[in-house]
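Secondary and tertiary structure notes
Letter by letter, the chains look like this.
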Amino acid sequence: MRDWTVLGIETSCDETAAAVVRGRAPGPGTILSNIVFSQLDAHRPYGGVVPEIAARAHVERIDGIVEEALAGAGLSLSDLDAVAATAGPGLIGGVMVGLTTAKALALAAGKPLIAVNHLEAHALTARLTEGAAFPFLLLLISGGHCQLLGVADVGRFRLYGTTIDDAVGEAFDKTAKLLGLAYPGGPNIEKAARDGNPRRHALPRPMRGRAGADFSFSGLKTAVRQLVQDGATDAADLAASFQAAVIDILGDRTRAAMAMFRADFPQARDPAFVLAGGVASNRAIREALTELGNREGFQTKIPPPRLCTDNAAMVAWAGVERGQRGLSDGLDAAPKARWPLDTLTGGRAGASRT
Ligand code: KG4
Ligand code: ZN
């Protein structure tokens with residue numbers, strides 16, 4: 001199989017992004033350009049992402065960002081093998097902007113369109129950066145998702161655990177608000193926690209030791225709220241104690257999923273344990289989970305922080321992997337607000353276990 005060159009577009013949340021990536025499965029691939037425009041300043045006054053503002057900002061920016069990505073790669077549309085865009089899950093107005101742009105470009109250039117699942121793009125990033133081999137265990141931790149999955153192949157996922165309430169990034173963002181830290185909460189909690197004592201406050205570890213690998217974070221957030229209402233003002237100690245609890249929860253649930261993965265894939269030798277999603281850019285979480293992976297006989301692979309948070313290089317790479325398998329989409333591909341990973345297709349026909 002020769003290398004493919006794919007333009008990727010990402011507009012599912014508050015980043016307007018385009019990138020050009022070249023390579024072939026299993027990776028690693030080469031990022032020729034990777035442009036990310038963050039709308040943070042537009043949303044910060046509201047303490048969260050406002051869908052209407054996001055959609056409008058995507059419309060205003062997307063053409064220029066795509067031009068920049070092509071120019072940065074030194075390529076024109078005719079040099080591409082395909083155009084890929086996030087088709088969901090995400091804020092529907094934003095997804096429509098990126099997907100419609102990709103359709104127009106694909107039609108104009110006579111190239112295949114590839115409608116990418118945002119979560120699969122996060123999941124496959126460790127193949128772009130390190131060529132991680134299938135099957136691998138994935139911990140996807142972002143603002144909207146908290147899942148443990150066995151990744152058997154492109155489009156073939158087995159769900160081991162998911163959150164029964166908040167996503168972990170959401171817990172970071174809500175807890176930050178309680179502590180008076182600015183949006184987005186994740187990076188600000190991480191920063192505050194560096195000067196704090198993680199043992200100062202005894203916070204709960206919901207679901208720890210439970211059968212299965214599901215998560216829960218809302219009790220943790222409620223416990224922080226109670227401490228604040230009772231007069232605690234030490235943001236650094238609160239942030240450090242919260243982050244330590246999150247690390248314990250992620251570690252405990254991951255260990256449970258590792259056993260499930262071993263049972264599913266007894267033949268996998270030195271399988272990879274991959275982290276993905278915005279929360280995977282947290283350094284304390286990266287270190288703790290790398291150690292856990294090593295202890296449990298997995299090779300921990302975590303993309304660099306700028307490829308953990310939302311970006312279009314991951315979308316372009318998912319386009320490379322899908323396109324090379326002959327998986328492309330019609331111009332009638334629909335944007336999806338919800339699109340769970342375990343409903344995807346793309347692996348060997350008839351081999352799906354989910
Ligand atoms: O993957 P992502 O960029 O967007 C989604 O698809 O959700 O993840 C964004 C989430 C936000 O909740 C943000 O607070 C969190 O990732 N995040 C972090 C860190 N950087 C981003 N959480 C903890 N520590 C960080 N350093
Ligand atoms: Zn994301």
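Computed from a predicted model, the values in this text were never measured in an experiment. (Residues numbered from 1 in each chain as written. Chains lettered and ligands numbered in written order. Predicted model: local features only at pLDDT ≥ 70, side-chain atom pairs only at ≥ 80, totals over all residues. Heavy atoms only, no water.)

Comments concerning the overall build of the protein chain
Helix and strand counts for the protein chain stand at eleven helices and ten strands. The C-alpha atoms of the protein chain give 20 Å as radius of gyration, which agrees with the globular expectation for 354 residues (20 Å, within 12%). Over its C-alpha atoms, taken along the principal directions, the protein chain stretches across nearly 60 × 50 × 30 Å. Expressed as a percentage of the 354 residues in the protein chain, the buried residues total 54%. (Helix = DSSP H or I, 4+ residues; strand = E, 2+ residues; numbered from the N terminus. Rg over C-alpha atoms; globule rule 2.2 N^0.38 Å. Buried < 20%, exposed > 50% of the residue type's maximum accessible area, 1.4 Å probe, protein only.)

With respect to the pattern of salt bridges
Under the definition given, this model contains 18 salt bridges. Notably, a salt bridge pairs D153 with R325, separated by 2.9 Å at the nearest N-O pair. Linking D153 in strand β7 (residues 146-153) with R325 in the segment after α11 (313-324), this pair joins segments that are 172 residues apart in sequence. The class for D153 is buried, based on a relative accessible area of 7%. Across the pair K174 and E170 runs a salt bridge, and its minimum N-O distance is 3.3 Å. Separated by four residues within a single helix, K174 and E170 lie in helix α5 (residues 168-178), roughly one turn from each other. Of the residues examined, K174 reaches a relative accessible area of 32% and is grouped as partly exposed. (Salt bridge = Lys/Arg side-chain N within 4 Å of Asp/Glu carboxyl O.)

Comments concerning the domain arrangement of the protein chain
Each assigned domain of the protein chain is listed with its residue range as follows: domain 1 (4-127 + 306-340) and domain 2 (134-305). Relative placement of domain 1 and domain 2: their C-alpha centres are 26 Å apart. For the domain 1 and domain 2 pair, buried surface summed over both sides reaches about 1,900 Å², with 70% attributable to carbon and sulfur atoms. Applying the counting rule to domain 1 against domain 2 returns one salt bridge. Among the elements of the structure, α4 (118-130), α10 (305-308) and α11 are those that each provide at least two residues to the side of domain 1 that touches domain 2. No other element matches the eight residues that α4 contributes to the side of domain 1 that touches domain 2. Partitioning the side of domain 1 that touches domain 2 into residue classes produces nine nonpolar, five polar and eight charged. (Domains from an automatic or database assignment. Buried area = accessible area lost by both parts, 1.4 Å probe. Nonpolar A, V, L, I, M, F, W, Y, C, P; charged D, E, K, R; others polar.)

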